[in-house]
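Per-entry structural report
Listed below, chain by chain, are the residues.
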Amino acid sequence: MPIDLRSDTVTRPTPAMLDAMMSAKVGDDVFGEDPTINILEAMAARMFGMEAALYCPSGTMSNQIAIKCHTQPGDEVVCEKIAHVYVYEGGGIAFNSGSQARTLEGNLGRITAAQVSMVINPDDVHRARTSLVTLENTCNRGGGSCYDLEEIGKIRQVCSDNQLKLHLDGARLFNALVATGQSAPAYGRLFDSISVCLNKGLGCPIGSILIGPAAFIRHARRVRKVFGGGMRQAGFMAAAGVYALENHIDRLAHDHAHARRIASALEKKKFVRSIMPVETNIIIFEVEGDGCAKQLAQRLREKDILAIPISANQIRFVTHLDISAEMVDKVVSVIEQLN
Ligand SMILES: Cc1ncc(COP(=O)(O)O)c(C=O)c1O
C-alpha cells in the first residue's frame, strides 16, 4: 500500500464509519424526509450557533451555491489570488453567478481588512458592484495557514460598513479550530455563510455542509436543486458526516503533529529551499532548481510515497486519517536518506 500524501481527500471510511452508514435511516431528502440528513444539518447549524444548514455533495458546490445566493450578475467578489473559489472551481464565479473576481495578494492565502477596504468599488455605473468577500480557512495553497480571528473581525466590520456579505470557504475549518483553539460559534457570529467539508480531514467519502441563517439556507436549497445537487436517500452518506462530527474532529491534532514531524525532517535537507510554516495538516515546500519537484515526486513514488508537485519547484504533502504514525516514521526515514 503506498503512503498517499497527495491529499486528505483520499481517505476511505473506517469500519465504524461504514457501520454507521449501513445502518442509517433514510428518506427522500428533496422532500425533506431523510432523517439522517436532517440530523446532520441540525447538528452542523448548532455547532456554529447558526440557524440552518444544507448538506451538499461537494465543497465546490457549497461555495458556488453561497456565491450565487450572495451576488447578482455583474457583481464583484473579493478573494485572495490563490483562493480555491477563484483558482480551482472551474471559473464557477463567472459560470454560475455571472460575477467577476477581484483578487488580492495576501500572506499565505490570508487577506486583511485594510486590503479589502481598498478594493471596494464606489457606487458608480462604470464599476462592478462589490457585493461579497470570501475567505478561506485553512488556506490550502497557503500551506494550511490559519486566520487570526481578530483580523476576521475587522474584515467583518468592513463588510458590514459597506453592505457586503462575508462567506467562508471552511473546507478545512475544523483543522483551523483544532490548531488554534478558536471556537465554531465565534465563526458563526462573524460570517454570513460558512461551507465546511466532510470529505477531507474528517474522512467521509463525500459531502460538505453550507451553514447560515434560515432564509439564506432556504434560498441555497433552491439553488442546490437548480445546480443538480438535490439528492434523494443520501442519508447513507450523511451518516458518515454525523459519525465524523462526533468522532473525527479532535483526532485532527494527530494529523498536525504528523505534518510537523515530516516538516522537521525536510528542514534538514539541502535540496529543500524553503517550507511554508506548518500550522495544520499541509506541508508545502520548495525544492532547489526549477523543474525539480516532478523528479522528487518520482523518487518518492519509487519508495511508495505519493505526493503532488504543485508547481515546477513546489511539492505538497497532506497528512490525514489514513496516515499512521508508522507511515510517518517511514516517510521521515525516506526523507533522511534522500540527497
Ligand atoms: C480550500 C478548498 N475549498 C474547497 C474545496 C472543494 O472541495 P470539493 O473537492 O469537495 O469540491 C477544496 C478541495 O480540495 C479546497 O481545498
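Quick summary incoming for the structure in this document.

1. Thoughts on the layout of surface pockets
Reported here for the largest pocket is a volume of approximately 310 Å³. Lining the largest pocket we find 23 residues, and of these H84, N140, R172, K200 and R316 sit closest to its centre. Secondary structure elements with two or more residues in the lining of the largest pocket: α3 (59-70), β7 (193-197) and β12 (308-311). In terms of residues, the lining of the largest pocket owes the most to one element, α3, which gives 3 residues. By volume, the second largest pocket is sized at about 250 Å³. In terms of lining residues, the second largest pocket is bounded by 13 residues, among which N121, P122, D123, R129 and T130 are the most central.

2. Some words on empty space enclosed by the protein
Unoccupied space between atoms shows up once a probe the size of one water molecule is rolled over them. Enumeration over the complete set of coordinates arrives at 1 cavity of 30 Å³ or more. Of the volumes computed, that of the largest cavity is approximately 50 Å³. In this structure, the largest cavity is lined by G170, A171, R172, L173, F174, N175, V196, C197, K200, G201, L202 and L252. Elements supplying a minimum of two residues to the lining of the largest cavity: α8 (173-180) and β7. The dominant element in the lining of the largest cavity, judged by the number of residues it contributes, is α8, at 3 residues. Of the residues contributing to the lining of the largest cavity, the split by class is 7 nonpolar, 3 polar and 2 charged.

3. Digging into the pattern of salt bridges
Scanning the model with the defined rule gives 14 salt bridges in all. A salt bridge links K81 to E105; the shortest N-O distance between them is 3.7 Å. Residue K81 is found in the loop between β3 (75-80) and α4 (84-87), and its partner E105 is found in the loop between β4 (100-104) and α6 (113-118); the two are separated by 24 residues along the sequence. Note that E286 and R273 form a salt bridge whose closest N and O atoms lie 2.9 Å from each other. Of this pair, E286 sits in strand β10 (residues 282-287) while R273 sits in strand β9 (residues 272-275), and the two are 13 residues apart along the sequence. With a relative accessible area of 41%, R273 lands in the partly exposed category. It is possible to trace a salt-bridge network through shared partners that takes in R273, E286 and E288.

The rules behind these values
Residues numbered from 1 in each chain as written. Predicted model: local features only at pLDDT ≥ 70, side-chain atom pairs only at ≥ 80, totals over all residues. Heavy atoms only, no water. 1 Å grid on protein atoms, 1.4 Å probe; cavity = no way out; pocket = protein on both sides within 12 Å on 5 of 7 lines; lining within 4 Å. Points joined across faces, edges and corners; volume = space filled by probe spheres on them. Helix = DSSP H or I, 4+ residues; strand = E, 2+ residues; numbered from the N terminus. Nonpolar A, V, L, I, M, F, W, Y, C, P; charged D, E, K, R; others polar. Salt bridge = Lys/Arg side-chain N within 4 Å of Asp/Glu carboxyl O. Buried < 20%, exposed > 50% of the residue type's maximum accessible area, 1.4 Å probe, protein only.

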